[in-house]
Every structure is written in C-alpha cells, then in structure tokens.
Amino acid sequence: MSKKNKKLKKNRKKSRKAPREGLNIRALVQTFKIFGRHYKPYARTLILAYSCLFLTIILSALTPWPLKLILDYVIIPNPLPEWLNFLPSLGIDTPKEMLLVFAVSLVVLTL
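Residues numbered from 1 in each chain as written. Predicted model: local features only at pLDDT ≥ 70, side-chain atom pairs only at ≥ 80, totals over all residues. Heavy atoms only, no water.

Whenever I open this one, the overall build of the protein confuses me. Can you help?
On a plain count of helices and strands, the protein comes out with 6 helices and 0 strands. If you list the helices and strands of the protein from N to C, you get α-α-α-α-α-α. Per-residue burial for the protein yields a buried fraction of 12% across its 111 residues. Sequence separation of 24 or more characterises 50% of the internal contacts of the protein that already satisfy a separation of 6 or more. A total accessible area of about 10,200 Å² is found for the protein, and carbon and sulfur atoms account for 66% of it. (Helix = DSSP H or I, 4+ residues; strand = E, 2+ residues; numbered from the N terminus. Buried < 20%, exposed > 50% of the residue type's maximum accessible area, 1.4 Å probe, protein only. Contact = heavy atoms within 4.5 Å. Areas by Shrake-Rupley, 256 points an atom, 1.4 Å probe, with all protein chains shown as cover.)

Laid out in structure tokens, this is it:
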C-alpha cells in the first residue's frame, strides 16, 4: 500500500467519529446566520404555522381526557373531583347530562 493510500485511510478513520448527542447550538446559530435573512419576510407566517402546530399537539393530547371522564364519573359512578365541582352549579347533575357534556367535548376536541 502506498503512502498516499495509508494517509487517506487514516483520514477516513478520523472523520468517522460518532455523532454527538443533543442539540448543537453552534451549528444552529450558524445556520440561522446563513438563512435567517431569508426567513424574515415570512416571520408572521412561520409564527402562525408553529402556533397552529403546537395547538394541534395540545388538542390531540387532550383527546382521551373526555373518555376518561365518561368512564370514571358516568359509567362507574365515582364522586366528582374538586376541579369538576362546578358542573352541578351549572345544572349538570345527572349522569345523562354529564355524558352529554363529556361526549360533546370529545367531539369538539377531535374536530
């Protein structure tokens, strides 16, 4: 093997380092310096898009919540927790009324 091939092989081994775990802040800042000026005209659109994305994530995380309430407080008649004590003051006393409210909230969250 020639000296040149040995040198190339040695350089390849050096460049095959394992990628670092986590967020590389330096690379992120460098990327923003390069492309940031191109994003500025679309800043409002990007903020709106990311806001809608986060809202979608939050709503999809809340989707199982009404079903849990239906199972825990309508099908299995457990006493309501403190944070749901406002329901009887709104006139929602019977299990059928609670079922209606929880079912509507489930439909609203899945839309």
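From this point on, the discussion continues.
Please explain a nonpolar patch on the surface as it appears in this structure.
Residues F32, I34, F35, Y39, Y42, L46, Y50, L53, F54 and I57 make up a contiguous nonpolar surface patch of roughly 1,100 Å² in combined accessible area. Listed by contribution, the elements that provide at least two residues to the nonpolar patch are helix 2 (25-39) and helix 3 (43-62). Looking at which element gives the most residues to the nonpolar patch, the answer is helix 3, with 5 residues. (Patch = residues over 30% accessible without salt bridge, like charges linked within 9 Å, V, L, I, M, F, W, Y side chains within 5 Å. Salt bridge = Lys/Arg side-chain N within 4 Å of Asp/Glu carboxyl O.)

Would you take a moment to explain the nonpolar core for this structure?
Nonpolar side chains tend to gather and get buried jointly when the protein is soluble and globular. Counting 9 residues, the largest nonpolar core consists of L69, I70, Y73, V74, L84, L87, I92, M98 and F102. The element contributing the most residues to this core is helix 4 (residues 64-75), with 4 residues. If near-sequence neighbours (up to four positions away) are discounted, V74 is found in contact with L69, P95, M98, L99 and F102. (Core = buried A, V, L, I, M, F, W, Y, C linked by side-chain atoms within 4.5 Å.)

Which parts of the structure should I look at to understand the packing of helix 3 against helix 4?
Pairs of packed helices are described in terms of their axes, by the angle between the two and the distance that separates them. At a closest axis distance of 5 Å, the pairing of helix 3 and helix 4 adopts a crossing angle of 20 degrees. By the angle between their axes, helix 3 is roughly parallel relative to helix 4. Between helix 3 and helix 4, the contacting residues are S60, A61 and L62 on the first element and P64, W65 and P66 on the second. Taken together, the residues that form the contact of helix 3 with helix 4 break down as 5 nonpolar, 1 polar and no charged. (Axes fitted to C-alpha atoms, helices over the stretch in contact; angles between N-to-C directions. Parallel < 35°, antiparallel > 145°, perpendicular 65-115°, else oblique. Nonpolar A, V, L, I, M, F, W, Y, C, P; charged D, E, K, R; others polar.)

Without other data, these values stay purely geometric and don't point to any function.
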